[in-house]
Amino acid sequence: MKKQNTKLPAWFEGMQYDEGDTVKNPFSGEEYELNATELSMYDFVVGSQYVMEMMPRTMTPKAIKDFQKGLDWFRKNNSKAYMVLLD
């Protein structure tokens, strides 16, 4: 059963994709198919995490809060994908 696209929250300012894709966890090798909305949020979260690790001084309090909200959104909207890809 394919999950329908959930809306992105109003605070989201990232790229919004038209199509989903399969994403692979680089550590475990597990894969999970995401719809377009989930993929948009996934890329936002992973991109934010990358910036935090590579350029921590550039992260504003708002960016850190949005990163946390992105993780929370994923936990709520697709907990299985969250466990496979982000936990």
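Preceding block: the structure.
Here is what the cut-offs are and how they apply
Residues numbered from 1 in each chain as written. Predicted model: local features only at pLDDT ≥ 70, side-chain atom pairs only at ≥ 80, totals over all residues. Heavy atoms only, no water. Salt bridge = Lys/Arg side-chain N within 4 Å of Asp/Glu carboxyl O. Helix = DSSP H or I, 4+ residues; strand = E, 2+ residues; numbered from the N terminus. Buried < 20%, exposed > 50% of the residue type's maximum accessible area, 1.4 Å probe, protein only.

## Considerations on the pattern of salt bridges
Logical step 1: With the rule as written, the count across this model stands at three salt bridges.
Logical step 2: Residue D66 pairs with K62 through a salt bridge whose shortest N-O separation is 2.6 Å. Taken together, the positions of D66 and K62, both in helix 2 (residues 61-77) and four residues apart, correspond to about one turn of that helix.
Logical step 3: Across the salt bridge formed by K69 and D66, the nearest N and O atoms sit 3.5 Å from each other. Separated by three residues within a single helix, K69 and D66 lie in helix 2, roughly one turn from each other.
Logical step 4: Taking relative accessible area as the criterion, D66 reaches 8% and is therefore assigned buried.
Logical step 5: What emerges from the salt-bridge pattern is a single network uniting K62, D66 and K69.

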